[in-house]
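Structural description and commentary
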Amino acid sequence: MNRVTPTEPAVEVRGLSKTFRSGWPRRRLQPALRRVSFAVPRGAIFGVLGPNGAGKTTLLSILATLLLADEGEAR
């Protein structure tokens with residue numbers, strides 16, 4: 001059984017990157033996240049802010065396991 005320690009963060013993201021491929025016939029690479037890292041302590045209220053196209057939805061989709069990251073880890 002895995003025990004969670006009180007000092008362990010509730011969410012931990014290290015070096016998260018995600019790139020989308022788009023366009024035809026010329027394929028383009030559109031980076032959505034570039035090496036994002038942060039930790040959210042247990043019991044904290046945490047917000048994600050940024051302009052349109054900043055990668056907020058991509059980040060939350062990776063945290064919800066709806067998307068796979070190209071690099072890094074999230075737990």
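All of these numbers come straight from a predicted model, not from anything done at the bench. (Residues numbered from 1 in each chain as written. Predicted model: local features only at pLDDT ≥ 70, side-chain atom pairs only at ≥ 80, totals over all residues. Heavy atoms only, no water.)

Before going further, it helps to spend a moment on the pairing of strand S1 (residues 11-22). In this structure, S1 lies alongside strand S2 (residues 28-40), joined through 9 bridges in antiparallel fashion. What sits directly across from Phe 20, in S2, is Gln 30. Count of turn residues in the S1/S2 antiparallel hairpin: 5 residues, of which Gly 23 carries a positive phi of about 95°. Taken together, the 3 bridges between S1 and strand S3 (residues 71-74) define a ladder with antiparallel strand orientation. Within S3, the residue paired with Val 13 across the bridge is Ala 74. (Pairing = 2+ DSSP bridges. Helix = DSSP H or I, 4+ residues; strand = E, 2+ residues; numbered from the N terminus.)

Strand order across the open sheet formed by 3 strands is S2-S1-S3, with antiparallel pairing between neighbours. Where the open sheet ends on each side, the last strands, each with one partner, are S2 and S3. Each adjacent strand pair in this sheet contributes to an overall mean axis angle of 25°, direction not counted. Relative to S1, helix H1 (residues 56-63) is tilted by about 120°, and along the sheet it contacts S1, S2 and S3. (Axes fitted to C-alpha atoms, helices over the stretch in contact; angles between N-to-C directions. Contact = heavy atoms within 4.5 Å.)

What follows deals with the pattern of salt bridges. Tallied over the full model, the rule gives 5 salt bridges. Residue Arg 75 is joined to Glu 8 by a salt bridge in which the shortest nitrogen-to-oxygen separation is 3.4 Å. Taken as a pair, Arg 75 in the segment after S3 and Glu 8 in the segment before S1 lie far apart in primary sequence, 67 residues in all. Put simply, Glu 8, Glu 12, Arg 14, Glu 73 and Arg 75 are held in one network by salt bridges that share partners. (Salt bridge = Lys/Arg side-chain N within 4 Å of Asp/Glu carboxyl O.)

Any aromatic ring pair is given by two values, namely how distant the centres are and how the planes are angled relative to each other. Applying the stated criterion across every chain yields a total of 1 aromatic pair. Between the aromatic rings of Phe 38 and Phe 46, the centroid separation amounts to 5.2 Å while the plane-to-plane angle is 15°, which identifies the pairing as stacked. Classification of Phe 46 as partly exposed rests on a relative accessible area of 46%. (Phe/Tyr/Trp six-rings, centres within 6.5 Å; stacked < 30°, edge-to-face > 60°. Buried < 20%, exposed > 50% of the residue type's maximum accessible area, 1.4 Å probe, protein only.)

Let us now look at the environment of Val 13. In this structure, Val 13 sits in strand S1. Distance from Val 13 to Val 40, taken between C-alpha atoms, is 8.9 Å for residues 27 residues apart in sequence. When sequence neighbours within four positions are dropped, the list of residues in contact with Val 13 reads Val 36, Ser 37, Phe 38, Leu 63, Glu 73 and Ala 74.

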